[in-house]
Amino acid sequence: MSALPQVAVIAAADLDRAIGRNNAIPWHIRDDMRRFRELTMGKIMLMGRRTFESLGCRCLPGRISVVLTSDLSLGERYHVRCFTSAAEALDTLTRESSGELMIIGGGKVYAELLPFASRLYFTRVLTRILDADTFFPPFEDTFTLEAETRVEAGVQNDFPCLFQDYVRKGDC
């Protein structure tokens with residue numbers, strides 16, 4: 001019998017926990033995109049419909065995309081697996097896989113599924129996006145910082161950031 005999969009959240013947010021503006025990420029940080037690719041490669045990624053749309057309604061290479069949506073025809077149109085319920089998706093995907101299940105957004109999906117995550121891969125972007133419209137939920141009371149790496153701004157990084165790895169309190 002295989003071990004139960006670990007549920008992990010991966011997100012990037014500014015100092016006010018802003019994660020989006022007009023259905024887009026409000027910064028370009030190449031090192032964060034590379035980290036996202038490395039952490040999600042070969043894994044199942046669970047996301048909301050708007051996050052899937054922000055990816056151009058396409059599956060990222062080397063990963064399995066699963067979408068939470070009320071429109072199940074999206075699955076047929078774009079060849080992705082869809083669920084209408086976060087609870088059903090989580091239950092089904094954790095039973096079917098022994099690997100790490102990655103929750104990749106957006107705001108509503110993070111808020112609903114963060115309580116089930118044992119790990120949080122967080123990029124804290126060291127800026128404030130004043131016109132942001134989507135935010136990451138508070139998590140500091142339930143997760144403990146395990147590791148942190150600073151990344152400086154530069155030609156390919158709009159802002160400096162911190163790569164932070166958290167574990168749920170009580171799991172470390």
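To keep things clear, this report deals only with the structure shown in the data block. (Residues numbered from 1 in each chain as written. Predicted model: local features only at pLDDT ≥ 70, side-chain atom pairs only at ≥ 80, totals over all residues. Heavy atoms only, no water.)

**Points about the pattern of salt bridges**
Point 1. If you walk through the whole model with that rule in mind, you get 12 salt bridges.
Point 2. Of the charged contacts in the structure, one is a salt bridge between Arg95 and Asp91, with a shortest N-O distance of 3.2 Å. Taken together, the residues span about one helical turn, with Arg95 and Asp91 both in helix 4 (residues 86–96) at a distance of four residues.
Point 3. Glu152 is the salt-bridge partner of Arg150, the closest N and O atoms lying 2.7 Å from each other.
Point 4. Judged by relative accessible area, which is 48%, Glu152 ranks as partly exposed. (Salt bridge = Lys/Arg side-chain N within 4 Å of Asp/Glu carboxyl O. Helix = DSSP H or I, 4+ residues; strand = E, 2+ residues; numbered from the N terminus. Buried < 20%, exposed > 50% of the residue type's maximum accessible area, 1.4 Å probe, protein only.)

**A closer look at the pairing of strand 10 (residues 161–168)**
Point 1. In terms of burial, strand 10 is a largely internal element, eight of the eight residues being buried.
Point 2. Going residue by residue along strand 10, you find Cys161, Phe163, Asp165 and Val167 tucked away on one face and Leu162, Gln164, Tyr166 and Arg168 tucked away on the opposite face as well.
Point 3. As defined by bridge partners, strand 7 (residues 119–125) adjoins strand 10 across seven bridges and the pair is classed as antiparallel. When the bridges of strand 10 are listed, Leu120 appears paired with Tyr166. (Pairing = 2+ DSSP bridges.)

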